[in-house]
Amino acid sequence: MKQTILVTGGTGFIGSHTTVELINAGYDVVIVDNLSNSNANVIDGIEQITGVRPVFYHADCCDLDAMDKIFSAHPIKGIIHFAASKAVGESVQKPLLYYKNNIVSLVNLLELMPKHDVKGIIFSSSCTVYGQPDPENLPVTESAPIKPAESPYGNTKQINEEIIRDDINSGAPIKAILLRYFNPIGSHPTAIIGELPNGVPMNLIPFVTQTAIGIREQLKVFGNDYDTPDGTCIRDYIYVVDLAKAHVKAMQRVLDMDTPQLEVFNVGTGRGVSTKEIIDAFEKATGVKLNWAYAPRRAGDIEKVWANPDKANNVLGWTADTSLEDTLKSAWNWQLKLRERGIQ
Ligand code: NAD
Ligand code: WQD
């Protein structure tokens, strides 16, 4: 009997790639998305890739009645909660929007789970909860200290983790896995779905590919005076499809195995890569020369963070196994496809 999974934010970047992998793994998927940062045509893309069209509700997770009706209409066994506002800079300008959207949406789901006998929830957390890890805590493990959030966005992730913990400690009959993502990049190998940021991209990889294709004039590298080998910031860039596969493993664990009620996993490659190394790797992987220049540091950037993924590798039975070169090629192929389709 197929198990039904609710994917909130399922037409978004990570949610759409995860829906593909859930369908490939034999799950039925119900997507809820308010399309505040994505487009409903992603559903067509998912169907084109998998041959299966997930059920889709254009709805807001903050609307308790709407969500209650969706839970009543489907035998949902597990939830992956991607739906959130995620722009760090915007969260500083509009903190109440972020607290309302990111916290009310989760509280609604936690309220509805016992009522509808939903067993498990996977929560999209972020390495941002670690802030700038101390040198002795790099690469960062799940037991590294949680630092004071550097943005309202990051704070919503920390608060949401605490809400889930408190709910379970109060006796809620549910299980949860918190997945702390590092820097998801790339696009599906078919280039049918991928990352489609609204407006001028804040994140590095979309800015790289848009510069490479000529949409942006020049990539600015924010700071080359950090305490790193080449002076630029270091991150753990993980292929979005590998990240999606981690969610399938987590869902299997939370639904089908006798495991702790609450677990936390860092989902990264364990490979720290600098901004300059990304540029070099992109040029090598694609043969495209990038127009870039150093610029002042970006406020709020941390210097260096990358994962110790041992727990996810050994306990979740998952490893990020796509090379940086192939990941960057997938991002470039997606940008080329967008141009072909007249989208960007
Ligand atoms: P995304 O913006 O592409 O996807 C989020 C989706 O949620 C969008 O389709 C948006 O329309 C939808 N949404 C937002 N609020 C909603 C609401 N109230 N009801 C229904 N739908 C709603 O973002 P993403 O990159 O796919 O991120 C997914 C999750 O992973 C987010 O929770 C984000 O905070 C987290 N995360 C992302 C990154 C990253 O670098 N992309 C890193 C760490 C964590
Ligand atoms: C990566 C590196 C920049 C753009 C953010 C959020 C985090 C998570 C992932 C949601 C940094 C440098 C970037 C550019 C550059 N999102 N850069 N020029 O900042 O690590 O993380 O996205 O959870 O919460 O903070 O990702 O892609 O913005 O930047 O030099 O035009 O690339 O300085 O070192 P970041 P990013």
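Residues numbered from 1 in each chain as written. Chains lettered and ligands numbered in written order. Predicted model: local features only at pLDDT ≥ 70, side-chain atom pairs only at ≥ 80, totals over all residues. Heavy atoms only, no water.

Moving on, we come to the site of ligand 2. What surrounds ligand 2 is a group of 18 residues, the closest being Y153, L204, K220, R235 and D301. For ligand 2, an oxygen atom lies 3.1 Å from a polar atom in the side chain of N203. For ligand 2, the protein covers 87% of the area, taking 680 Å² as the surface of the free molecule. Considering every element that reaches the shell around ligand 2, the biggest residue donor is strand 8 (residues 219–222), with four residues. Taken together, the residues of the shell around ligand 2 break down into nine nonpolar, five polar and four charged. (Near = heavy atom within 4 Å. Polar contact = N/O pair within 3.5 Å; in protein donor to acceptor, adjacent residues only side chain to side chain. Areas by Shrake-Rupley, 256 points an atom, 1.4 Å probe, with all protein chains shown as cover. Helix = DSSP H or I, 4+ residues; strand = E, 2+ residues; numbered from the N terminus. Nonpolar A, V, L, I, M, F, W, Y, C, P; charged D, E, K, R; others polar.)

Examined against the element boundaries, I164 turns out to sit in helix 6 (residues 152–169). The class of I164 is buried, set by a relative accessible area of 0%. Those residues within four positions of I164 in sequence are excluded, and the remaining contacts are L106, L110, F123, A176, L178 and L262. (Buried < 20%, exposed > 50% of the residue type's maximum accessible area, 1.4 Å probe, protein only. Contact = heavy atoms within 4.5 Å.)

Where helix 7 (residues 204–213) contacts helix 9 (residues 275–286), the two axes come as close as 12 Å, and the packing angle between them is 40°. Classified by the angle their axes make, helix 7 and helix 9 are oblique. The two elements helix 7 and helix 9 meet at a crossing, and its hand is right-handed. Of the residues in helix 9, those touching helix 7 at L204, I205, V208, T209 and A212 are T275, I278 and F282. Grouping the constituent residues of the contact of helix 7 with helix 9 by class yields six nonpolar, two polar and no charged. (Axes fitted to C-alpha atoms, helices over the stretch in contact; angles between N-to-C directions. Parallel < 35°, antiparallel > 145°, perpendicular 65-115°, else oblique. Left-handed = near helix turned anticlockwise from the far one by under 90°.)

Our next topic: the environment of N308. Structurally, the position occupied by N308 is in the loop between strand 13 (292–295) and helix 10 (310–316). Residue classification places N308 among the buried residues on the basis of a relative accessible area of 18%. Considering only alpha carbons, one finds N308 and T269, 39 residues apart in sequence, at a separation of 7.8 Å. In this view, N308 contacts P139, V140, T141, E142 and N266; residues no more than four positions away in its chain are not counted. Engagement of the side chain of N308 in a polar contact is seen with the backbone nitrogen of D310, the distance being 2.9 Å.

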